[in-house]
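Observations on the model geometry
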Amino acid sequence: MDNRMESLNIISPDAQSLFFGTVARCAVVHPAGSLADLRALLEANLGASARPLTIDLIGHSTREHHLLRLGDTAINMFDPVVARFFQTLANDHLLQRLGVAVVRLLGCETAVTPSGRRTMRLLASTLGVSVFGATKPLMKSHYDKLGFNPAFAHILVEAGV
């Protein structure tokens, strides 16, 4: 029996075919190409899970700073638009109402650069949940039918609340 936390797998559309090909390897993968798409997906999943939930944001990372991208938007907490978006999620208690315990930024080396680690810490502080990033490049072999395979947890690092 797999007793890992349930994941809401949200992927940038430009990474979907690379990570999962024409047949999704995850049970359910939701594309989100913008922050507005992300908000809509979160709201659509209210009440969908009775267990604690992990939100896995999956996508490519930016070249220099290795920040996760959803579509054209880098998850960069030093960008006022991005910071305001996540502050609004926190103010609306959206993640709390979803039962979210963890957010993972699953892009290549999202926890390697100083800017990536700062973004993770600010995101954790803003949202009030643990945020994880990757220390290595991620490939489709890191995923199984439920999402990110826990056998590879050692390549993730946490920015605590």
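This section reports on the structure supplied with the text. (Residues numbered from 1 in each chain as written. Predicted model: local features only at pLDDT ≥ 70, side-chain atom pairs only at ≥ 80, totals over all residues. Heavy atoms only, no water.)

Quick look at unusual backbone geometry
Quick note on the threshold: Helix and strand assignments come from DSSP, with helices taken as H or I runs of at least 4 residues and strands as E runs of at least 2, each series counted from the N terminus. Categorising residues by exposure relies on relative accessible area from a 1.4 Å probe, with only protein chains included: less than 20% of the type maximum marks a residue as buried, more than 50% marks it as exposed, and the intermediate range marks it as partly exposed.
Of note in the backbone geometry, His93 takes a positive phi value of approximately 55 degrees without being a glycine. Inspection of the secondary structure assignment puts His93 in the loop between α3 (80-91) and α4 (94-98). Its relative accessible area of 44% is what places His93 among the partly exposed residues.

A few points about the packing of α3 against helix α5 (residues 114-127)
Here is the rule we go by: For every element, the axis is a line fit to its C-alpha atoms; helices are fit only across the contacting stretch, and the angle between N-to-C directions ranges from 0 to 180 degrees. When describing relative orientation, an angle under 35 degrees is termed roughly parallel and one over 145 degrees roughly antiparallel, while 65 to 115 degrees is termed roughly perpendicular and anything else oblique. Two residues form a contact once any of their heavy atoms are found within 4.5 Å. Residue classes follow a fixed rule: Ala, Val, Leu, Ile, Met, Phe, Trp, Tyr, Cys and Pro count as nonpolar, while Asp, Glu, Lys and Arg count as charged, and any other residue, Gly among them, counts as polar.
Across the interface, α3 lies against α5 with an axial gap of 8 Å and an inter-helix angle of 30 degrees. Between α3 and α5, the crossing angle belongs to the class labelled roughly parallel. Residues Phe86, Gln87, Leu89 and Ala90 of α3 form the contact with α5, whose participating residues are Leu123, Thr126 and Leu127. Class assignment of the residues belonging to the contact of α3 with α5 gives a composition of five nonpolar, two polar and no charged.

Looking at the environment of Glu109
Inspection of the secondary structure assignment puts Glu109 in the loop between β6 (100-106) and α5. When residues no more than four places from it in sequence are discounted, the contact partners of Glu109 are His66, Ala134, Thr135, Lys136 and Pro137.

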